[in-house]
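Here are the chains, one letter per residue:
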Amino acid sequence: MQNAYFVTSSIAGGKSSFIRIVQNLGFDTLSADVIAHELLNENANFIAKLFNDDDLIIAGKIDRKKLGAIVFNDLNAKKKLEDFLHPKIKETILQKAQILDKNNKAFFIELPLFFENNHYQNLGKSILIYTPKELLLQRLMQRDNLDENEALKRVNLQLDIEEKLKKADFVIKNTSGYENFEKNVLNFLKHTLKVEK
């Protein structure tokens, strides 16, 4: 796909902020997380059976907090969920991305596990939102009200941010507040993608 850019980072790294900024500028975007949430709810009964836990469903939807507590603490459970979800997420992303690609304009796909999941590498360029690990931990603890151990557990489930840095096609730093990050995104669009907004 000529016009696809995969946006990734570590957890709490700033992917969603990037997506909001480019959406406000009129770019098309896709989000693997949004697609995953839709798929979880569409398949709520199957997921509850998969984990043998009917309490995972509240008002017909998956309780993501409860599911998160299960998969972040058990690698087998995480793998079970990913084996079910990832092929469906990829299929949905590809269908939607192929339609967007025909517009012949840059579009952005938010994909947390771009480097961990080898199914997307040849489909577009990667943009890493870079935040050092210590700062990621602080932000995650604040955002999700976690203690340091819990936050570290979640950060360590993904490929180390410094490893991602070596693999990325493009890097945008998110190290010192929202305004600076927004400037970095606009500079990237202007100088790297040659997009004037």
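Residues numbered from 1 in each chain as written. Predicted model: local features only at pLDDT ≥ 70, side-chain atom pairs only at ≥ 80, totals over all residues. Heavy atoms only, no water.

**Quick notes on the overall build of the protein chain**
Move 1: If you tally the helices and strands in the protein chain, you get nine helices and seven strands.
Move 2: For the protein chain, the C-alpha atoms occupy an extent of roughly 50 × 40 × 30 Å along the three principal directions.
Move 3: Taking all 197 residues of the protein chain together, 44% fall into the buried category.
Move 4: Look at the contacts in the protein chain between residues 6 or more apart in sequence, and 73% of them connect residues 24 or more apart. (Helix = DSSP H or I, 4+ residues; strand = E, 2+ residues; numbered from the N terminus. Buried < 20%, exposed > 50% of the residue type's maximum accessible area, 1.4 Å probe, protein only. Contact = heavy atoms within 4.5 Å.)

**Here's the deal with the pairing of strand β5 (residues 107–110)**
Move 1: Residues Phe-107 and Ile-109 of β5 are buried on one face, and the alternating residues Phe-108 and Glu-110, pointing to the opposite face, are buried as well.
Move 2: Pairing analysis gives four bridges linking strand β1 (residues 4–8) to β5, with the strands arranged parallel. Within β5, the residue paired with Ala-4 across the bridge is Phe-107.
Move 3: The sheet contact formed by strand β2 (residues 28–31) and β5 spans four bridges and is parallel. Note that in β5 the partner of Asp-28 across the bridge is Phe-107. (Pairing = 2+ DSSP bridges.)

**Here we look at the pattern of salt bridges**
Move 1: Tallied over the full model, the rule gives seven salt bridges.
Move 2: Across the pair Lys-79 and Asp-83 runs a salt bridge whose closest N-O atoms are separated by 2.7 Å. Here Asp-83 and Lys-79 lie together in helix α5 (residues 75–101), a separation of four residues that amounts to about one turn.
Move 3: In this structure, the salt-bridge partner of Lys-153 is Glu-150, at a minimum N-O distance of 3.3 Å. With Lys-153 and Glu-150 both in helix α7 (residues 148–156), this residue pair falls three residues apart, about one helical turn.
Move 4: The partly exposed category is assigned to Glu-150, whose relative accessible area is 22%. (Salt bridge = Lys/Arg side-chain N within 4 Å of Asp/Glu carboxyl O.)

**Describing the nonpolar core**
Move 1: The biggest cluster of nonpolar side chains holds 34 residues, and the ones touching the most others in it are Ile-47, Phe-51, Leu-67, Leu-81, Ile-89, Ile-93 and Ile-109.
Move 2: At the level of secondary structure, the elements contributing two or more residues to this core comprise β1, α2 (32–42), α3 (44–50), α4 (64–71), α5, β5 and β6 (125–130).
Move 3: A total of eight residues in this core trace back to one element, the largest contributor, which is α5.
Move 4: With residues up to four places along the chain from it excluded, the contact list for Ile-89 reads Ala-32, Ile-35, Ala-36, Leu-39 and Tyr-120.
Move 5: If you look at the next biggest cluster of nonpolar residues, it comprises 18 residues, including Ala-106, Phe-181, Phe-188 and Leu-189. (Core = buried A, V, L, I, M, F, W, Y, C linked by side-chain atoms within 4.5 Å.)

Purely geometric numbers; function is a separate question.
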